[in-house]
Amino acid sequence: MSVEIKNLSHTYSEGSPFEFKALKDINITIEDGSFIGIIGHTGSGKSTLIQHLNGLLTPTSGTVLVDGKDIFATKKSDMILLRHHIGLVFQYPEHQLFEETVQKDVAFGPKNQGLSDQEVDQRVRQSIKMVGLDFEEVKDKSPFELSGGQMRRVAIAGVLAMEPSVLILDEPTAGLDPRGREEILAQIKSLHTQKKITVILVSHSMEDIGKMVDKILVMNEGEVVFFDTPNRVFTEITTLESIGLAVPEVTYLMRRLKEKYPEIREDIFTVEAAKKEILKVIRG
Amino acid sequence: MTKESNNRMIDVRDVHFTYPHNNENEAVVALDGVSLHIEKGEFVGIIGHNGSGKSTLSKLLNAIIFPTQGDVIVSGLNTKDQENLWTIRQTAGMVFQNPDNQLVATIVEEDVAFGPENLGVPPLEIRERVDRALAIVEMQAYAHQKPHQLSGGQKQRIAIAGILAMEPECIIFDEPTAMLDPSGRREVMETIKRLNRDKEMTVIHITHFMEEIVDADRIIVLDKGKVVMEGEPRSIFRQVKRLKEIGLDVPQMTELAYELRNEGMKMSDDILSIEEMVNALCQ
Amino acid sequence: MLKDVTIGQYYPTGSVIHKLDPRTKILFTTAFVVMLFFLNNLWGYLATFLILLTITLLSKIPVGYIIRGIKGLVLIIMLTVVLNLFMTPGTPVATLGPLTVTIEGLKVATYMALRLIFLVIGTSIMTLTTSPIDLTDGMEWCMRFIPFVRRYAHELAMMMSIALRFIPTLMEETERIMKAQKARGANFETGNIIARAKNLIPILIPLFISAFRRADELATAMEARCYRGGENRTRMKQLAFEFRDGASLVLMFVMIIGLYLTTWIQIPLLFPV
C-alpha cells in the first residue's frame, strides 16, 4: 500500500492557551513496499504523524491518502477496516497486553477483524513464529509471566496477526538490552523482505535506522527537515546537529579521516561499511 | 583497619540471592556468589544483559532487599543489621529506571524535599538542601513546576536532586537512561559525570549503553548472576568477542578496530574514541 | 472529556486567595457548604452568588475556567431538577401529561440546582487556588481534630497527595492504551451497553496492571528515600498562619453570619416565603 500525506497539519488544543502546533503542512509520499525510518527528538511530531496514518488522530487540515483513497473522507466503519491494513505498534507495546494467555492476546486483533476461528488460529501461530517465539512453548502462558523482551514480541505479534500491509513501529527497541534490540530489528528486517510489506520505523537510534531503511524522514518542530536516502541524510551533519540529532560515530570518523585521505567517502554510517572503505582507501 | 578499608564505600562478599519463587513456583537464583568492592569517589559501570542480576545487585546495595547468603557492607555497615537500615539508605542513594514512578510529590521542589523530610531534617535546612540540590542538577528554574510537565531527562534530574538532598556518599543508578531519548540521555549522563568529577560522589552506574561508561574508572560485567569480567574500560572492551557472546555491545570505535585487526591491519586493540582511531589510521 | 473536570486541579495565579493558609480556605469552604443547606430563599442565593463572584475575581482565575468545571455535572444537576420539579406535591401551575409541576416543585428544583452549582464552584475555587500539597497539608492538620481519623491523618494525606500526583499520568496512560487497542481493531464507539462494557476489558486490565506496577515501583523508590510513615517526619514548608489569614477569618465569619441572616428575610423574591 502506498501512503500519501498531503498538506497535513495538526494542532493540539486549538484555541486554548495550551495550543500546540504539532505538525505543520507535511507532504510526503511513502511508496508501496518501502522501508522508511522516522527520526527526530521528543516533541518533533513523529508520534503525532504516525497516529494520522491509521486515523487515530484527525488532521486539523490536510489529509492522508492510502492507495489513493482519502482516509478521512470515509465512514467510521471504513476507518476501522483501514486499521486492519495499517498496523501500528506503539511504544512499550507490552503495556497493552491483557488476555490470560499469549494465544488469546495475539488473537485479539484477528478476532476483531471477524475472521473464522481456523483462520485466527493459523495467523496466531504464524505471527508468534515470526517474532521468534516457540508457539507451543508460550501459547498457554500468561503474557505477564514472560520476560520483558518476550512480552514486547508477543505484543508485536498481536499486530502482525492482523496481517497489515503497512506496519508502523514506534521505537520498538526502547528499553531493551543490546541483544534484544538486535533480535527485534533483525525480525523487522526479515519481515520486510519476506512479506514485502511497507514498514515505517520510528527510532532514536541513527545507527539502527541507517542500517535498515531505504529512506529517512527527519522531523523537527512539526516540519520535515529531510526525506531522503540514509547516504544523503547522514552527510548533513551540521543541520542534524543543529536540531539536536547526532550521526553515528563512524560517520564522524570518516569526516575526520577525510582531512588526511580526501578520496575517502563520507556517507558511511555502519561499522561494516566503514571497515570496507578504510581497507580500500587506507590499506590500499 | 588498613588504609584501604577506610577508603572502601561498598563491599560485597560472596553474595547469593534467590527469589523465593516465580510464577511456576521455582526458586530463581539471581546472584550466585558475587564479590566486589567499590572505593570512595569511584565511577563504576555495571553491565550485563536483562536477567544477569544487575538490578538485584543494585537493590542489595541500597538495603531494599537482603542477601540470601553473604554480606553487603555499605560504608562499614552490614545491611543485615536492621538498625543500620536507614543510615544505609541515606548513605547509598538510588535512582531508578522509570522517571515517572519515583517522583512522589506534585511539585518539583516538594519532591526533592521528600527524602530529607523523611530523615527528620529541620525545615530551614531542608530548604537549603533542596535549593542546593536543584542547583547541582541545574533545575532551579523548574522548582515550582509539576513533574508530569517535564521531559524524561528533566524528571530524572529531579530524581537525582531528590537523592542529593539526602546528602549521600554514593549514588546507585539503576539504568537511569533506559527510557530516555538521546538528548535526555545526554543531559542525565552529564549530570552524573559532573557529580562524580566535581562533587567527588561515588557513582555506580548500571546501563545497557556502552558509550556511557567508556570513561568510567572501572567496569564490572555480570552474566548469569556472576561477575565475569572486571577492570578498566579498555581492558574490558578489547574483549569484543567475549562481550558479544554474552549479548553485550562494544563502543563503535572498539568494534571497528577489532574488525580492522581481523583484516590484518596493524592497530592497538584498545581503541575507544574517534580521536584514538584517527591517530591510529593517520600515523 | 476527562480533561474538562476542574475539581482537584490547581490553577496558580499568585493572587491573595492563593496566598491564604490552606486551613483558612478549608475552614471557610466547610462553613460555606454547610451554610448552603440552610438557605431558604433567593436572597440567600443572591448573596452567595455575590460572595463567590468577589472571591473568583480576587483569585484572578478566568470565570470561564470555573464554569467549565460545572459542565461535567450538567447531567446530575438536570436529573435533580427534573426529579424535584415533578415529585414535589403542592399548588399546581402546569401539567405535562401525567406530570404536574407545582410552585413548591419549582422552588425546590431551583434551590437544589443553585445549591449544587454553588457547592461545586465553592469547592473548585478552593482546589483551584490551593496547591495539592498545601491542600493535603491543610487537611492533615484539620484531620487531627477529628477523633478516629486522627491516627491515620498522615497516611490519608500521603495517599491523597500520591493520587493527585498520578492522576495526569494515568489519564495519559488510559488514552495511550485506548489508542493501542483501537489500532488492533477494537471498537469502542458502537454496540449496545453490554458490548461496550465488554469492550472496556482490554483497556481496564492493562490500566490496572500498569497502576499496580507503578505502585510497586513507587513504594520501592519511597523506601529507598527513607520513607517510614509520619513518625519523626519533618516538613520543608510549615503552614504559617499570617495576619491576612486572621483578617480573612473575621471577614469569613461576617459573611457566614450574613448568609445565615438572609434566612430571616420575609420579603418574597420570585417565590413565596
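To start, this report covers the structure provided alongside it. (Residues numbered from 1 in each chain as written. Chains lettered and ligands numbered in written order. Predicted model: local features only at pLDDT ≥ 70, side-chain atom pairs only at ≥ 80, totals over all residues.)

## Looking at the overall build of chain C
To be explicit about the condition: Secondary structure elements are taken from DSSP: a helix is a run of H or I of four residues or more, a strand is a run of E of two residues or more, and numbering for both begins at the N terminus. Our exposure labels follow a C-beta count within 10 Å of each residue's own C-beta, placed from the backbone: buried means 20 or more other C-beta atoms, exposed means 12 or fewer, and partly exposed covers the counts in between. Two residues form a contact once the distance between their C-beta atoms, set from the backbone, is within 7 Å.
Across its full length, chain C holds 11 helices and 2 strands. Listed N to C, the secondary structure of chain C is α-α-α-α-α-β-β-α-α-α-α-α-α in terms of helices and strands. Seen along its three principal axes, the alpha-carbon backbone of chain C occupies a region of about 65 × 60 × 35 Å. Residue burial in chain C is summarised as follows: out of 273 residues, 26% are buried. Across chain C, the fraction of contacts at a sequence separation of at least 24, relative to all contacts at a separation of at least 6, is 75%.

## Side note on the sheet that holds strand 10 (residues 226-231) of chain B
Residues and elements named next belong to chain B. Short version of the rule: Pairs of strands are assigned from DSSP output, requiring at least two bridges between the strands. Throughout, an axis means a line fitted to C-alpha atoms (over the contacting stretch in the case of helices), and angles, computed between N-to-C directions, take values from 0 to 180 degrees.
The 6 strands lie next to each other as 6-7-8-3-9-10, forming an open sheet whose pairing is mixed. The open sheet has two edge strands with one neighbour each: strand 6 (92-95) and strand 10. Each strand of the sheet is rotated relative to its neighbour by a mean of 20 degrees, with strand direction disregarded. Judged from the 5 bridges that link them, strand 9 (residues 218-223) and strand 10 form a sheet pairing that is antiparallel. From the neighbouring strand, aspartate 223 faces strand 10, where its bridge partner is lysine 226.

## As for the packing of helix 10 (residues 252-262) of chain B against helix 11 (residues 274-281) of chain B
Residues and elements named next belong to chain B. The criterion, for reference: Each angle receives one of four descriptions, namely roughly parallel if under 35 degrees, roughly antiparallel if over 145, roughly perpendicular if within 65 to 115, and oblique otherwise. Crossing handedness follows the turn of the near helix against the far one: under a right angle anticlockwise gives a left-handed crossing, and clockwise gives a right-handed one. As a working rule, the residues Ala, Val, Leu, Ile, Met, Phe, Trp, Tyr, Cys and Pro are called nonpolar, Asp, Glu, Lys and Arg charged, and the rest polar, with Gly in that last group.
For the pair helix 10 and helix 11, interaxial distance at closest approach is 9 Å and the crossing angle is 25 degrees. With respect to helix 11, the axis of helix 10 lies roughly parallel. The two elements helix 10 and helix 11 meet at a crossing, and its hand is left-handed. Residues Met253, Leu256 and Ala257 of helix 10 touch helix 11, and the partners they reach there are Ile274, Glu276 and Met277. When its residues are assigned to classes, the contact of helix 10 with helix 11 shows 5 nonpolar, no polar and 1 charged.

## A short note on the interface of chain C and chain B
With 27 residues of chain C in contact, the opposing surface of chain B contributes 32 residues. Every element with two or more residues in the side of chain C that touches chain B is listed here: helix 7 (132-143), helix 8 (153-183) and helix 10 (201-224) of chain C. Here the side of chain C that touches chain B gets 8 residues from one element, more than from any other, and that element is helix 10 of chain C. Of the residues belonging to the side of chain C that touches chain B, the class tally is 12 nonpolar, 7 polar and 8 charged.

Keep in mind these numbers describe shape, not what the thing actually does.
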